[in-house]
Amino acid sequence: LTASPAPDAMRVEFEDSVAKYSVAVHHAPQYHILRHWLCGDDLNFCRSLHRCTRITPSGGKSGAAFFVSHDRRFLLKGVNKAEFKMLSTQVESLFWYVDQVLFDKLPSMLAQVVGLFTVSATWRHKSKKYKRNFIVQRNLRYSLQSSGLPHFCFDLKGVGKSRKAPDSADAPEEEANGQARDHGTAAVEDQDTGEGESLEKAAKAVLWDQNFREWTKGKPLCLLSGDLKYLQAAVRNDTQLLSKQSL
């Protein structure tokens, strides 16, 4: 991972009766190592990405395009020119950091990027061209979604009470107190009351700061001593990295 990135991207070109396509694979050797370490071989990676669906996640304001692979293992995010330039020109320090996280067990909470691609298409019967840069990340909610476990996802900015996701359902009181009901029984009970539908909607949504306050009722979340030390070290390490990159 710490080897110098290749100056030129690898390109894969193909065409059909509709258009000509080109995919540029940036920093291919480094991301190849990352994918084998985190995701398995490249064949399964391609099988996941061969069909993706556009999604509209709540919580963000960047307006970036998001896609999820058909097996929901990976997320694709469209990045703008400034983000793409940073990922291209400052990537050596990022790979150095990831190398320490993976092989030296440096504490970190950053979601790992497992690919950087530029997708281009030129239609045969139109002058219109399509070009967009994407990063690929693992879907951190995949294991929770596939297991059917009830869960909530929060996007916390550390701001005031005014930041609450619109049309969000509140978490049930027993969930906030850590007294989770049996998932199968709850599904049957909620089917008659309509509560299950609202909870499912909340579980799919990305909730905000005030939703988190209401869910915890203002009480701190307790962590084991080892988990707390890891979290504090990870936040410190990640903050230092982002600060050095002026992010």
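Everything in this summary refers to the structure shown in the same document. (Residues numbered from 1 in each chain as written. Predicted model: local features only at pLDDT ≥ 70, side-chain atom pairs only at ≥ 80, totals over all residues. Heavy atoms only, no water.)

**Focus on the overall build of the chain**
What counts is decided by this rule: Numbered from the N terminus, helices here are DSSP runs of H or I no shorter than four residues, and strands are runs of E no shorter than two. Only heavy atoms matter for contacts: two residues are in contact if any of them lie within 4.5 Å across the pair. For accessible areas, the Shrake-Rupley method is used with a probe of radius 1.4 Å. Any residue's cover is judged against the shown protein chains and nothing else.
Broken down by element type, the chain carries 10 helices and nine strands. Partitioning the contacts of the chain with sequence separation of at least 6, the portion at a separation of at least 24 is 63%. With an accessible surface of roughly 16100 Å², the chain has 55% of that area assigned to carbon and sulfur atoms.

**Digging into the nonpolar core**
Quick note on the threshold: As used here, the term nonpolar core means buried Ala, Val, Leu, Ile, Met, Phe, Trp, Tyr and Cys residues forming a set that is joined through side-chain atoms within 4.5 Å. Burial status follows relative accessibility: with a 1.4 Å probe on protein chains alone, a residue under 20% of its type maximum counts as buried, one over 50% as exposed, and anything between as partly exposed.
The biggest cluster of nonpolar side chains holds 18 residues, and the ones touching the most others in it are L1, Y31, L34, L87, F95, L116 and I135. Looking at this core, the elements with two or more residues in it are α1 (28-38), α3 (81-89), α4 (91-103) and β6 (113-123). A total of seven residues in this core trace back to one element, the largest contributor, which is α4.

**Quick word on the side chain of D99**
Where we set the bar: A residue counts as positive if it is Lys or Arg and as negative if it is Asp or Glu; His and the chain ends are not included. The term salt bridge refers to a side-chain nitrogen of Lys or Arg lying within 4 Å of a carboxyl oxygen of Asp or Glu.
Along the polypeptide, D99 turns up in helix α4. Of the side chains with opposite charge, K105 lies nearest to the buried D99, which makes no salt bridge, at 11 Å. Look past the residues within four positions of D99 in its chain and what remains in contact with it is L1, T2 and D104.

**With respect to the pairing of β6**
Rules: Whether two strands pair depends on DSSP finding at least two bridges between them.
Where strand β2 (residues 19-25) lies against β6, seven bridges are found, and the strand directions are antiparallel. Its bridge partner lying in β6, S22 is registered against S120. The pairing of β6 with strand β7 (residues 129-138) spans nine bridges and is antiparallel. Looking at β7, one finds that S120 is bridged to K131. Following β6, the chain reverses through five residues before pairing antiparallel with β7.

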